[in-house]
Amino acid sequence: MTRFPRALTAVALAAVTIAAPASADASPCPSVTVPGAERQVIACLDDLTTAGTLVTGHTDQSDWSGLNSAGAVNPSGVPGIQIDGYFPDTSTGNTNHGWNHDSQFVIRLPRQWNGGLVVAGSPGNRETYANDFTISDWALARGYAYAATDKGNTGVTFYRDGTRPGDAVAEWNHRVSQLAVAAKAVVRQRYGKPARTTIAAGQSNGGYLVRWQLENRPDLFDGGVDWEGVLWTADGPNLLTFLPRALRAYPAGDTAGMAAAGFSAETSFLWPFHYSYYWDLTQRVYREEFDPTYDGDLEAGTPFCASGTPACDTDYDYASRPAAVRQAVARIGLTGKIKRPLITVHGTLDTLLPIGVVSDAYAAMIGDRHRDRLFRYYRFEGGNHVDGLYPAYPDRIRPLLPCFRSAFTALESWLSTGTPPPPNATLPRPATGDLENTCALTA
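Quantities reported herein were computed from a predicted structural model and do not represent experimental measurements.

A.B. asks: What is the right way to read the sheet that holds strand 7 (residues 223-227) from this model?
C.D. replies: Strands belonging to one sheet form pairs held by backbone hydrogen bonds; the direction of such a pair is parallel or antiparallel. Taken together, the 10 strands give an open sheet; going across it, the order is 1-2-3-5-4-6-7-8-9-10, and neighbouring strands pair in mixed fashion. Of all the strands in the sheet, the pair left with one neighbour each is strand 1 (39-45) and strand 10 (425-427). Sheet twist, expressed as the average angle between the axes of neighbouring strands with direction ignored, equals 15 degrees. In the sheet, strand 6 (residues 197-203) pairs with strand 7 via five bridges, with the strands oriented parallel. Residue pairing for strand 7: G202 is matched across the bridge by D226. Seen against the sheet, helix 10 (residues 359-368) touches strand 8 (342-347) and strand 9 (375-380) and runs at an angle of roughly 160 degrees to strand 9. In the packing of helix 11 (residues 401-417) onto the sheet, the strands contacted are strand 4 (116-121), strand 6, strand 7, strand 8 and strand 9, and the crossing angle to strand 7 comes to about 165 degrees.

What follows is the structure, given as structure tokens:
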């Protein structure tokens, strides 16, 4: 779900199939081909991390702005190959490189490879480079090859892609699977052997993609780390069951109504911000995706409608809508039947995806499916949906980026040695220490 207002991207790359090396002393880039790609651009870089790609133009900082706190420290100095490109698609929302073409991807291949591959989909409705600071830099420094996709449609009108309700979100899952297949082939070409381990990783909508892949494509992934993923279930909970309730309750000062929607009183200091910037826009665009007949006039970006206005989203009642709406959600819904190891991290102060009706609910679904042995769940007190708000509330919020990385490290051990991560836990916010760069999975 995560998205802050941002400018259009302005990364410029050569519109050729194979680009000249970006490093003055580098030999010509090895020839690799991304299976199924309609276009690809290859560059040899001295540094694949954002420290280098910000200089060479091989990332777009507006894609990932607001997702990390200012004090987060990242590794740098990872030489290797970057491949930018896109798969065939008919939608044109992604403006990166001036391509005006969706289904864009980036694949990064470090010179020193550890045998692993990390695959990610973008959070919110962001574009290809959205995970560059939070996931790519760190994974590359650990020796992983890395691949990410824009999910096949971007921006606040993503729901216009496709012909049936739910088509746009269904494409997200397809594009992650497509990229995983292609990236595995690229890894084999580049290093002469297949990836030993393939990990799905993502935040928000990207976390939903991790969950879906581990439920539906265990042939492609060995495990995953889900950072506060979105939960879609046909009968609820989902975004369309709790966000309209919050939009009604908050301006009325109805704290009981907020609690019923899943927003605990301890998150109340964050309600004004989320009411102004997140709740209405978010529920509007996903209601357009799954239930477009409810409102043919009000689209994302228009002002709030007053309660009582015909077809006002504030009055939206998912339970009373036609069965076709639940069928559209069911097409992309989660079941909890994971088939590969999954670690979920979520903050108790998440005020976009309330933990009780999102990750707590998903953990219960996994338990109902008797998949607990494949699951670890860490609830972090003070964690919010995005780390970018940490400077505004440094005494109340804790960044979750270091917690995601601790979870990733635990998954590595789980997959490589069979060492199980620490038990599920609700972990208190530390009173001291470097919260922007350290996080333990035990109290």
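After presenting the structure, the write-up continues.
A.B. asks: Hey, could you run me through the pairing of strand 2 (residues 80-86) in this one?
C.D. replies: For a regular strand, the rule is simple: side chains alternate between the two faces of the sheet. With seven of seven residues buried, strand 2 is to be regarded as a mostly interior element. Direction of pairing for strand 1 relative to strand 2: antiparallel, over a ladder of seven bridges. Following the sheet pairing, R39 is matched in strand 2 by Y86. Here strand 2 pairs with strand 3 (residues 104-110) via seven bridges, running antiparallel. Bridge pairing links Q82 to R108 in strand 3.

A.B. asks: Can you walk me through helix 5 (residues 205-216) in this structure?
C.D. replies: For an α-helix, the turn length of 3.6 residues means that residues three or four places apart are oriented alike. Over its 12 residues, helix 5 extends 16 Å from the first C-alpha to the last, a length consistent with the 16 Å expected when each residue adds 1.5 Å. Those residues of helix 5 that sit buried are N205, G206, G207, Y208, L209, V210, R211, W212, Q213, L214 and E215.

A.B. asks: Explain the nonpolar core here, please?
C.D. replies: Nonpolar side chains tend toward joint burial in soluble globular proteins. Counting 119 residues, the largest nonpolar core has I83, I107, Y208, W232 and W279 as its most contacted members. The biggest single contributor to this core is helix 4 (residues 167-191), with 11 residues. Dropping the residues within four chain positions of it, I107 is found in contact with V34, I81, Q82, I83, Y146, A147, L179, A183 and V186. If you look at the next biggest cluster of nonpolar residues, it comprises seven residues, including F269, L270, L349 and Y390.

A.B. asks: What exactly am I supposed to notice about the packing of aromatic side chains here?
C.D. replies: Any aromatic ring pair is given by two values, namely how distant the centres are and how the planes are angled relative to each other. Taken as a whole and assessed by the stated rule, the structure comprises 25 aromatic pairs. Taken together, a centroid distance of 5.4 Å and an interplanar angle of 90 degrees make the contact between Y144 and F408 edge-to-face. Of the two residues, Y144 sits in the loop between helix 3 (132-141) and strand 5 (145-149) while F408 sits in helix 11, which places them 264 residues apart along the sequence. Judged by its relative accessible area of 6%, Y144 falls in the buried class. Connected via pairs of aromatic rings, a cluster forms that spans F158, Y159, W172, W232, Y286 and F290. Of note, K151 hangs over the ring of W172, and the distance from its end group to the ring centre comes to 4.8 Å. When the ring centre of F269 is taken as origin, the NZ or CZ atom of R396, which lies over that ring, is 3.8 Å away.

A.B. asks: Which parts of the structure should I look at to understand the pairing of strand 3?
C.D. replies: The buried fraction of strand 3 is high, at seven of seven residues. Both faces of strand 3 are covered, namely the face carrying Q104, V106, R108 and P110 and the face carrying F105, I107 and L109. Relative to strand 5, strand 3 runs antiparallel, the two being bridged by four bridges. From the neighbouring strand, V106 faces strand 5, where its bridge partner is A148.

A.B. asks: Please explain unusual backbone geometry as it appears in this structure.
C.D. replies: Most peptide bonds are trans, and most residues other than glycine sit at a negative phi. Omega for the bond connecting G236 with P237 falls within 30 degrees of zero, at 5 degrees, which places this linkage in the cis form. Along the polypeptide, P237 turns up in the loop between strand 7 and helix 6 (239-249). Its identity as a non-glycine residue notwithstanding, N100 has a phi of 50 degrees, on the positive side. Relative to the helices and strands, N100 is located in the loop between strand 2 and strand 3. Judged by relative accessible area, N100 falls into the partly exposed class, the value being 41%.

The rules behind each value
- Residues numbered from 1 in each chain as written.
- Predicted model: local features only at pLDDT ≥ 70, side-chain atom pairs only at ≥ 80, totals over all residues.
- Heavy atoms only, no water.
- Pairing = 2+ DSSP bridges.
- Helix = DSSP H or I, 4+ residues; strand = E, 2+ residues; numbered from the N terminus.
- Axes fitted to C-alpha atoms, helices over the stretch in contact; angles between N-to-C directions.
- Contact = heavy atoms within 4.5 Å.
- Buried < 20%, exposed > 50% of the residue type's maximum accessible area, 1.4 Å probe, protein only.
- Expected span 1.5 Å × (residues − 1).
- Core = buried A, V, L, I, M, F, W, Y, C linked by side-chain atoms within 4.5 Å.
- Phe/Tyr/Trp six-rings, centres within 6.5 Å; stacked < 30°, edge-to-face > 60°.
- Lys NZ or Arg CZ within 6 Å of the ring centre and 35° of its normal.

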